[in-house]
Amino acid sequence: MKNKIAIIGSGFASLAAACYLAKDGYEVEIFEKNADIGGRARQLKKDGFCFDIGPTWYWMPDVFERFFADFGKKPSDYYELEKLSPAYKVFFGKEDAITIEDSLEKICTAFEAEEPGSSKKLREFIEEAKNNYDIAIKDLVYRPGVSPLELITPATARKIGQFFSTISKEVRKEFNNTKLVQILEFPVLFLGAKASNTPAFYSFMNYADFGLGTWHPKGGMYKVIEGMESLAKSLGIKINTNAPVSKIFVENDTATAIQVNKEKIKADYVVSGADYHHTETLLPEFKRQYKESYWQKKTFAPSALLFFAGFNKKLENITHHTLFFDTDFEKHAKAIYDDAEWPEEPLFYASFPSITDHSAAPKGKEAGIFLIPLAPNIEDTPEIREKYFKKIITRFESLTNQNVTDHLLFKESFCVKDFKEEYNSYKGNAYGLANTLLQTAFLRPKLKSKKVHKLFFTGQLSVPGPGVPPSLISGKLAAGLIQKED
């Protein structure tokens, strides 16, 4: 008889773990608290508009290809990809912007125009970043974080200095222009920490950006979730929605069942892709691996204030992904990581998927997603949300030289309170646990519980870290540990 596995949550990591385990012959059932699957990767549909509530960037296409290839499939079996051209645009002030195109050659031209001599340095920097990418993404991140020895290879031994330097230091050694520095420091924000706290080895994110490019799945990032759902069902996985898990039963130090809507459901293994801290609250206190003080000391990735806006006209001077770095980068970072307060003049990001994808908005209209990175656990009220919407829209109008306020049909918001309520997110974080040096690989919360047999974890608070591609990898790693144990 097949062993039964109960999986908590239905985000990228949970779906990935489920697929690998089902392929290996286990009976797999998923339990999702919300009405729709996808975890943080959900959709908002309103008046003919469609928004990705969660991730909007499709980077590292090779990781998605590797995932589907493990099942004899390709991404194109489930969704259509388009490489964005340009990848994104960065505003530094009025009539002061740099466009990042779809090839390294074009990006080098943009750098050279901004800082003569920088294109040669950029090629060298990206070559090193590619080398790091080959080491990290093709090897290191597929290791389960069980032992520090996993990090010790002939390739990493030659890179040891990069683990004790930072992205910020390495970038600033080579580039003097503040705008170029900010562009090169931007990708590590996906890892949830400041560039000054992120090991230089993580420059592989720059190769993901400039080398592999930025892509868009037609229909939005949720199409990837739907593709994974289709794969899961073809493997015989049962998926339950509106199925919150309120308890993990432990007998003889072993996870034996979960409680879902007052029903006890037996399982031979339990895997949680839900928030790690929340999952441990489902256990008796003496069976939790990490005390509250442990979590409080950790560096969490930011939370976010998001707005989903529908406009009754097409907007101008924007790209699919647009960054607004027209205020003090360091002050905003300090507000997030050091002071835990609302930033006075926040940097922000905007996505307009309807530029690329006609399914995102009715004809002649524009769908806009606006995001302000924030410290987790700060005060969140409707009044504060409205104040910050006005702040960024006023700047947006000035920087892009157009009126959009009079063309706003509606807006919906999502912030700290929603991350807590919708995802049981610790302190309302949006991206999990930051990838700082002391929170890398074996130093992250473990995939396998040390106190409860047959209880496993997956997702952005565990190994290898935050982001969609790492979540796919995390699911594979958790499944691999179960297969090894069984």
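Nothing here was measured: the structure is a model prediction, and the numbers come from that model.

(A) Just the packing of helix α4 (residues 118-136) against helix α9 (residues 204-211), in detail. Taken N-terminus to C-terminus, the directions of α4 and α9 make an angle of 110 degrees; their axes are 7 Å apart at the nearest point. Looking at the two axes, α4 sits roughly perpendicular to α9. Relative to α9, α4 is oriented so that their crossing is left-handed. Along its contact with α4, which presents Leu122, Phe125, Ile126, Ala129, Lys130, Asn132, Tyr133 and Ala136, the element α9 presents Phe204, Asn206, Tyr207, Ala208 and Phe210. Per-class residue counts for the contact of α4 with α9 are 10 nonpolar, two polar and one charged.

(B) Summary view of the sheet that holds strand β12 (residues 263-266). On the basis of which strands lie adjacent, the open sheet formed by three strands has the order β10-β11-β12 and antiparallel pairing. A strand with exactly one partner marks an edge of an open sheet, and here the two such strands are β10 (245-251) and β12. For this sheet, the mean inter-axis angle between neighbouring strands, taken without regard to orientation, is 30 degrees. Where strand β11 (residues 254-260) and β12 come together, four bridges link them in antiparallel fashion. Residue pairing across strands places Gln259 opposite Lys264, the latter belonging to β12.

(C) Focus on helix α2 (residues 61-69). Of all the residues in α2, the buried ones are Pro61, Val63, Phe64, Phe67 and Phe68. Buried residues in α2, looked at end-on, bunch into an arc of 160 degrees, giving them a common side.

(D) Representation of the nonpolar core in the model. Judged by nonpolar contacts, the single largest core of 110 residues is most densely connected at Phe67, Tyr88 and Phe210. Per-element accounting of this core gives the leading share, nine residues, to helix α1 (residues 12-23). Residue contacts for Phe210: discarding those within four places in its chain leaves Tyr88, Ile100, Leu104, Ile107, Phe111, Leu122, Ile126, Ile183 and Leu184. Grouped together as the second largest cluster of nonpolar side chains are 27 residues, Ala350, Phe370, Ile372 and Leu399 included.

(E) Focus on the sheet that holds strand β9 (residues 238-240). Strand order in the open sheet formed by five strands is β9-β2-β1-β13-β19, with parallel pairing between adjacent strands. Because the sheet does not close on itself, it has two edges, and the strands there are β9 and β19 (455-457). In this sheet, neighbouring strand axes are inclined to one another by 20 degrees on average, regardless of whether the strands run parallel or antiparallel. Relative to β19, strand β13 (residues 269-272) runs parallel, the two being bridged by three bridges. In the strand pairing of β19, Val270 is matched with Leu455. Across the face of the sheet, α1 comes into contact with β1 (4-8), β2 (27-31) and β13 while running at roughly 170 degrees to β1.

Rules behind the numbers
- Residues numbered from 1 in each chain as written.
- Predicted model: local features only at pLDDT ≥ 70, side-chain atom pairs only at ≥ 80, totals over all residues.
- Heavy atoms only, no water.
- Axes fitted to C-alpha atoms, helices over the stretch in contact; angles between N-to-C directions.
- Helix = DSSP H or I, 4+ residues; strand = E, 2+ residues; numbered from the N terminus.
- Parallel < 35°, antiparallel > 145°, perpendicular 65-115°, else oblique.
- Left-handed = near helix turned anticlockwise from the far one by under 90°.
- Contact = heavy atoms within 4.5 Å.
- Nonpolar A, V, L, I, M, F, W, Y, C, P; charged D, E, K, R; others polar.
- Pairing = 2+ DSSP bridges.
- Buried < 20%, exposed > 50% of the residue type's maximum accessible area, 1.4 Å probe, protein only.
- Arc of directions from axis to C-beta.
- Core = buried A, V, L, I, M, F, W, Y, C linked by side-chain atoms within 4.5 Å.

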